[in-house]
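Chain by chain, the residues:
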Amino acid sequence: MQTYLLSQQFNVGSLAESSMACPANATICNGTSCVLPEDNFNETLSVILSTVLTIMLALVMFSMGCNVEIKRFWSHIKRPWGIFVGFLCQFGIMPLSAFLLSLIFNVLPIQAVVVLIIGCCPGGTASNVLAYWVDGDMDLSISMTTCSTLLAMGMMPLCLFIYTKMWTDSDAIVLPYDSIGISLVALIIPVSFGILVNHKWPSKAKIILKVGSISGAVLIVVIAVVGGILYKGSWTISPKLWIIGTIFPAAGYSLGFFLARVAGLSWHRCRTVSLETGMQNTQLCSTIVQLSFSPEQLELMFTFPLIYSIFQLLFAILILGGYRLYRRHRVKTKTDVEKTDEKEDSKSTSSHAKVNGGFVSNESK
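Definitions and limits used
- Residues numbered from 1 in each chain as written.
- Predicted model: local features only at pLDDT ≥ 70, side-chain atom pairs only at ≥ 80, totals over all residues.
- Heavy atoms only, no water.
- UniProt positions renumbered as here; feature names shortened; annotations may be inferred.
- Helix = DSSP H or I, 4+ residues; strand = E, 2+ residues; numbered from the N terminus.
- Phe/Tyr/Trp six-rings, centres within 6.5 Å; stacked < 30°, edge-to-face > 60°.
- Buried < 20%, exposed > 50% of the residue type's maximum accessible area, 1.4 Å probe, protein only.
- Lys NZ or Arg CZ within 6 Å of the ring centre and 35° of its normal.
- 1 Å grid on protein atoms, 1.4 Å probe; cavity = no way out; pocket = protein on both sides within 12 Å on 5 of 7 lines; lining within 4 Å.
- Points joined across faces, edges and corners; volume = space filled by probe spheres on them.
- Axes fitted to C-alpha atoms, helices over the stretch in contact; angles between N-to-C directions.
- Left-handed = near helix turned anticlockwise from the far one by under 90°.
- Contact = heavy atoms within 4.5 Å.
- Nonpolar A, V, L, I, M, F, W, Y, C, P; charged D, E, K, R; others polar.
- Parallel < 35°, antiparallel > 145°, perpendicular 65-115°, else oblique.
- Core = buried A, V, L, I, M, F, W, Y, C linked by side-chain atoms within 4.5 Å.
- Patch = residues over 30% accessible without salt bridge, like charges linked within 9 Å, V, L, I, M, F, W, Y side chains within 5 Å.
- Areas by Shrake-Rupley, 256 points an atom, 1.4 Å probe, with all protein chains shown as cover.
- Salt bridge = Lys/Arg side-chain N within 4 Å of Asp/Glu carboxyl O.

This brings us to the UniProt feature "transmembrane region" (unreviewed entry) in the protein chain. Mapped onto this structure's residue numbering, the UniProt feature "transmembrane region" (unreviewed entry) falls at residues 45-68, 80-104, 110-133, 140-163, 175-196, 208-229, 241-260 and 305-326. As annotated, residues 140-163 comprises 100% helix and 0% strand, and the C-alpha atoms at either end are separated by 29 Å. As a span, residues 175-196 carries 91% helix and 0% strand, and end to end its C-alpha atoms are 33 Å apart.

Here you go:
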């Protein structure tokens, strides 16, 4: 693992909490967490799974593109009000929330920095799959993810410069522009092919979309499980980070929905903006953390991106479940009302026909 030392000095020894039992092969253990050395099996497993997951993710994004119409997608680009609202949520609400949470819970400087890195990351591709399952605006979801990833190349350094000045020198944080570029390419190319398929063969696109949406849901869970296997860091970290990891994604979803509604967006677009706001690219955050901090500093916040990833997925599942229950209840209630109205119309038609001696059709019976 290649690491770069921060220019800002952190007194790790004095910040560590009371020592706890760590595995015998732990390279670092000061009581807050343990970092274990990579073994050959772990390295091989990481390469294989990364390759497989990358291919699967490309196929899922291809299927998501099959639900995007060129005219609607282009309308979002020409009239980017929804994208602009998403931009304010992504690079306005999330970094500010990270900053306030770090201050409120008075975390260590090194921990505050990693919380801010999470807040400054662009939206993750998992939000596109979840937006589909909550009947969101897929055209807006794809365009928001694409724009946030593209704008992250400039907005991430700016946000980190603004919010991390009180804790460390932002120049010490290494931003992997190559990883951001790869994420952008991996998003644009498969989605573009999906849009093309939907334009030329809409019937086939629907089949691909159904298969891809199910595969995407499975992929999200697999990525979460794989992350827990590959990162063998101890989960014995500061309780404050557990609390922040729980509150942060919930705040992102809630504030994103609220701002979108205040901005006058429709309900299905509000759901889309909400998911795009709370669902962060935690893989990118993990890369930045590993490139920017020494092993001694990693022990204080090594697993926070995983904590955020778990809770952002958990809250997203709760949102999905709540929406599905609401939709089922609404459709059932609406159907009952329609049947009642039909019966009342049928009775009034029959009585009107008897009074006037008219003909009663079979449809009114």
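Turning next to the packing of aromatic side chains. Overall, the coordinates contain seven aromatic pairs when judged by the stated rule. Their ring planes at 50° and their centres at 5.4 Å tell us that phenylalanine 99 and tyrosine 163 sit as a pair that is tilted. Of this pair, phenylalanine 99 sits in helix 4 (residues 81-104) while tyrosine 163 sits in helix 7 (residues 138-163), and the two are 64 residues apart along the sequence. Centre to centre, the rings of tryptophan 242 and phenylalanine 311 are 6.4 Å apart; their planes meet at 85°, and the pair counts as edge-to-face. Separated by 69 residues along the polypeptide, tryptophan 242 in helix 10 (residues 239-262) and phenylalanine 311 in helix 14 (residues 304-356) bring together distant segments of the chain. By relative accessible area, tryptophan 242 is classed as partly exposed at 31%. Residue classification places phenylalanine 311 among the buried residues on the basis of a relative accessible area of 16%. The aromatic ring of tryptophan 267 is capped on one face by arginine 261, whose charged end is 3.7 Å from the ring centroid.

Once that is clear, we can look at the layout of surface pockets. Computed from the structure, the second largest pocket encloses a volume of approximately 310 Å³. Along the wall of the second largest pocket there are 13 residues; nearest its centre are Phe257, Trp267, Arg271, Tyr323 and Tyr326. Elements supplying a minimum of two residues to the lining of the second largest pocket: helix 11 (267-278) and helix 14. With seven residues, helix 14 is the largest single contributor of residues to the lining of the second largest pocket.

Before going further, it helps to spend a moment on the packing of helix 10 against helix 11. Two measures define how a pair of helices packs: the angle their axes make with one another and the distance between the axes. Running from amino to carboxyl end, helix 10 crosses helix 11 at an angle of 145°, the nearest separation of the two axes being 7 Å. Viewed along their axes, helix 10 and helix 11 form a crossing whose handedness is right-handed. Where helix 10 approaches helix 11, its residues Pro249, Gly252, Tyr253, Gly256, Phe257, Ala260 and Arg261 are matched on the opposing element by Trp267, Cys270, Arg271, Val273, Ser274, Leu275, Thr277 and Gly278. Among the residues forming the contact of helix 10 with helix 11, the class breakdown is eight nonpolar, five polar and two charged.

Contact geometry of helix 4 with helix 5 (residues 109-120) gives a least axis separation of 8 Å together with a crossing angle of 165°. Put simply, helix 4 runs roughly antiparallel to helix 5. Relative to helix 5, the crossing made by helix 4 is right-handed. Here helix 4 contributes Gln90, Phe91, Met94, Pro95, Ala98, Phe99 and Ser102 to the contact with helix 5, which in turn contributes Ala112, Val115, Leu116, Gly119 and Cys120.

With 40 residues, the main nonpolar core has Val115, Ile117, Met156 and Phe248 as its most contacted residues. When residues of this core are assigned to their parent elements, the largest contribution, nine residues, is made by helix 5. Met61, Leu130, Ile142 and Leu209 belong to the second largest nonpolar core, which has 21 residues in total.

Tracing the sequence through the fold places isoleucine 247 in helix 10. Apart from residues no more than four positions distant in its own chain, isoleucine 247 is found in contact with Leu101 and Phe105.

Another aspect to go through is unusual backbone geometry. One can expect most non-glycine residues to show negative phi and most peptide bonds to be in trans. The phi dihedral of asparagine 106 falls on the positive side, at around 50°, and the residue is not glycine. Topologically, asparagine 106 is positioned in the loop between helix 4 and helix 5. Taking the relative accessible area as the measure of exposure, asparagine 106 reaches 58% and is therefore exposed. The phi angle at aspartate 135 is positive, at roughly 55°, despite the residue not being glycine. Structurally, aspartate 135 is set in the loop between helix 6 (126-133) and helix 7. A residue is classified by how much of its surface remains accessible, and aspartate 135, at 29% relative accessible area, is partly exposed.

A surface patch of nonpolar side chains, about 480 Å² in accessible area, is lined by Leu96, Leu100, Leu103, Ile104 and Met166. Relative to the elements of secondary structure, leucine 103 occurs in helix 4.

What follows deals with the environment of leucine 219. Considering the arrangement of structural elements, one finds leucine 219 in helix 9 (residues 202-230). Between the C-alpha atom of leucine 219 and that of valine 60, which follows or precedes it by 159 residues, the distance is 8.6 Å.

Here we come to the pattern of salt bridges. Taken as a whole and assessed by the stated rule, the structure comprises two salt bridges. Across the pair arginine 327 and aspartate 135 runs a salt bridge whose closest N-O atoms are separated by 3.0 Å. Of the two residues, arginine 327 is situated in helix 14 and aspartate 135 in the loop between helix 6 and helix 7; the sequence distance between them amounts to 192 residues. Taking the relative accessible area as the measure of exposure, arginine 327 reaches 34% and is therefore partly exposed. Two residues, aspartate 137 and arginine 269, come together in a salt bridge whose shortest N-O distance is 2.9 Å. Of this pair, aspartate 137 sits in the loop between helix 6 and helix 7 while arginine 269 sits in helix 11, and the two are 132 residues apart along the sequence. For arginine 269, a relative accessible area of 30% translates into the label partly exposed.

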